[in-house]
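Observations on the model geometry
Each chain, letter by letter, is given below.
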Amino acid sequence: MKIMVIGGGGREHAVIRKLKENPEITTVYALPGNGGIAADAVCMPISATDIPAIVHFAQEAGIDYAVVTPDDPLALGCVDALEEIGVPCFGPRAEAAIIEGSKVFAKQLMKKYGIPTARYEVFEDVNAALKYLDDAPIPTVIKADGLALGKGVIIAQSREEAREAVVDMMQNAKFGKSGERIVIEEYLEGPEVSVLSFTDGKSVVPMVSSMDHKRVGDGDTGLNTGGMGTIAPNPYYTPAIAERCMREIFLPTIAAMNAEGRPFKGCLYFGLMLTAEGPKVIEYNCRFGDPETQVVLPLLESDLFTIMRAVSDGRLAETAVRFRDQSACCVILASQGYPEAYEKGFPLEIADTVRQKVFVAGAALKNGELVTSGGRVAGCTAVADTLPEAIEQAYAIAEQVHFSGAYCRRDIGQRALRAISEG
Ligand code: AMP
Ligand code: GLY
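What you see is a predicted model, and the numbers here were worked out from it, not measured in a lab. Counting restarts for each chain, with residues numbered from 1 along the sequence as it is written. Chain A is the first chain written and ligand 1 is the first ligand written, with later ones labelled in order. Selection of residues for local features in this predicted model requires a pLDDT of at least 70, selection of side-chain atom pairs for listing and counting requires 80 or more, and totals for whole chains, interfaces and linings are taken over all residues. Working from all heavy atoms in the structure, the side-chain values ignore hydrogens and water.

This part covers the layout of surface pockets. Cavities and pockets were defined on a 1 Å grid built over protein atoms only: a cavity is a set of grid points that admits a 1.4 Å probe from which the probe cannot escape, a pocket is an open set flanked by protein on both sides within 12 Å along at least five of seven lines, and lining residues are those with an atom within 4 Å of any such point. Grid points are joined across faces, edges and corners, and a volume is the space filled by probe spheres set on the points. If you add up the space inside the second largest pocket, you get close to 300 Å³. Lining the second largest pocket are 14 residues, with Arg17, Glu21, Pro298, Gln356 and Phe359 positioned closest to its centre. Under the DSSP-based scheme used, a helix requires at least four consecutive residues in state H or I and a strand at least two consecutive residues in state E, with every element numbered from the N terminus. Of all the elements in the fold, those that place two or more residues in the lining of the second largest pocket are helix H1 (10-19), helix H10 (293-299) and strand S23 (376-384). Three classes are used, and their members are as follows: Ala, Val, Leu, Ile, Met, Phe, Trp, Tyr, Cys and Pro are nonpolar, Asp, Glu, Lys and Arg are charged, and the others, Gly among them, are polar. The class makeup of the residues in the lining of the second largest pocket is 7 nonpolar, 2 polar and 5 charged.

Dropping the structure here:
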């Protein structure tokens, strides 16, 4: 079988390594992949958003199955276009990917179907939004409607900051068309949990829970990033909470998407906040999370390709999805300066002994040598029997990966350890 994976980050590297455990797969192409992924797949210089070129390549190469992981191609209808030429895919069609692509859609879906989330208002007019802020409770949360590279969410700690965010999005078009409509929502408090799930539109099978570390600095300080590290499972996500999420959030979401005529097939990511009133949805993503995937897939005991095909064929209910009873930790090594300006092109050295435990996110090949090419460069991932061991091993792996200006948070997993010790 020839398969292709669309995308080129650490998440795609983790997906590709896991897929390759299936002996039926003879060739994996990555579009575009990256310099590190090139060790595990044939990388083609085709952009993940160039749908016509992706479709053309699938035909030329005789691709048997496609996995579409990033949000942009999903929102652009990459799965629709590939299915049209008869290539089965893992990933939602555009009509379902809207659950991530439009925050207004997601909020209205939750309101209509009684799925717990933060209270909110939608605005298309800047003056109406500013007027609302006059008596909105502070802190308040301002969200651009559309995709904004993970930067379209502002937690405003003052009325002034809230007004500034609204003007930036709606008047100054800071996020382009994505900010023409905005959501202003209630600020929620509590531990955050990421739950990725497989769904074929009929059943939903949650994967092991995880915890992201979004801020750039230790102790959750500094700017928001794409994610500086993850651990799994998330100790806040107890079996009782999992059962409640299934009943109040996961199953109702799948049913709601069906009722809207937008059946969701693929990986549906639930970003949850465990508030005093119970679990609430912070966001949906229509895809695997990054870097959550780097800890979730190494814990998956079952065969990923078998599960993906069952999702495409609507046979998920009869397919085994088992996770190891272990823990994982992923520490991201980033370029100095990320998530703001950073330099690229530094030689990246990964010791042979840890190569299989490093997912490469941002590196290119230059004269056959790896050089850094992105903000997040490498995800150093360990699986162990306990979380403390996984954390220690992930940092030991990070010691074996070198490039000029490499930066990582030193406290990945510490909050989880505190949660465990506090019971
Ligand atoms: P997102 O880019 O949608 O993942 O949001 C970024 C982060 O903003 C989330 O991970 C939360 O930490 C935070 N956030 C989003 N919505 C809320 C909310 N209503 N209350 C508190 N924090 C929020
Ligand atoms: N780590 C969060 C995301 O993938 O959106």
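Should DSSP find at least two bridges between two strands, the strands are taken to pair. Here 4 strands make up an open sheet; going across it, the order is S11-S10-S16-S17 and the pairing antiparallel. Of all strands in the sheet, those with a lone pairing partner are strand S11 (204-206) and strand S17 (278-285), marking the two edges. The sheet shows a mean angle of 35° between the axes of neighbouring strands, taken without regard to direction. Bridge analysis of strand S10 (residues 192-199) against S11 gives 3 bridges, and the strand direction is antiparallel. Bridging across to S11, Thr199 finds its partner in Val204. Residue contacts are counted whenever heavy atoms from the two residues lie within 4.5 Å of one another. Angles shown run from 0 to 180 degrees and are taken between the N-to-C directions of axes, each axis being a line fitted to C-alpha atoms and, for helices, limited to the stretch in contact. Strand contacts of helix H9 (residues 239-259): S10, S11, strand S16 (266-275) and S17, with the helix running at about 130° to S16, the strand carrying the most contacts.

A few words now on empty space enclosed by the protein. Inspection of the entire model under this criterion finds 2 cavities of 30 Å³ or more. One number sums up the size of the largest cavity: a volume of about 90 Å³. Lining the largest cavity are Ile99, Glu100, Lys103, Ala106, Lys107, Met110, Lys143, Glu185, Ile282, Glu283 and Tyr284. Only helix H5 (94-101), helix H6 (103-113) and S17 provide two or more residues apiece to the lining of the largest cavity. Examining the composition of the lining of the largest cavity, we find that 4 residues originate from one element, H6, more than from any other.

Judged by side-chain polarity, Val153, Ile155 and Tyr187 come together as a nonpolar surface patch covering roughly 210 Å² of accessible area. The topology assignment puts Ile155 in strand S8 (residues 153-156). With relative accessibility at 34%, the residue Ile155 sits in the partly exposed group. Two joining distances apply to patches: 9 Å for like charges and 5 Å for nonpolar side chains (Val, Leu, Ile, Met, Phe, Trp, Tyr), and every residue must have over 30% relative accessible area and no salt bridge. For the area figures, the Shrake-Rupley method with a 1.4 Å probe applies, and any residue is considered shielded solely by the protein chains shown. Between Lys or Arg on one side and Asp or Glu on the other, a salt bridge is scored when a side-chain nitrogen of the former is within 4 Å of a carboxyl oxygen of the latter. Between buried and exposed lies partly exposed: a residue is buried under 20% and exposed over 50% of the maximum accessible area for its type, with that area taken using a 1.4 Å probe on protein chains only.

It is worth spelling out the site of ligand 2 at this point. Around ligand 2, the surrounding shell consists of Asp212, Gly226, Tyr269, Asn285, Arg287, Gly289, Asp290, Pro291 and Glu292. We define a polar contact as two N or O atoms separated by no more than 3.5 Å, with the added condition that, inside protein, one atom must be a possible hydrogen donor and the other a possible acceptor, whereas residues neighbouring each other in sequence contribute only through side-chain atom pairs. At 2.9 Å from an oxygen atom of ligand 2 is found a side-chain nitrogen or oxygen belonging to Arg287. The backbone of Asp290 places a nitrogen or oxygen atom 2.9 Å from an oxygen atom of ligand 2. Expressed as a share of its isolated accessible area of 200 Å², the protein-covered part of ligand 2 is 88%. Taken together, the residues of the shell around ligand 2 break down into 2 nonpolar, 3 polar and 4 charged. For this description, a residue counts as near a given molecule or strand if any of its non-hydrogen atoms is within 4 Å of it.

No statement about biological role is implied by the geometric values presented.
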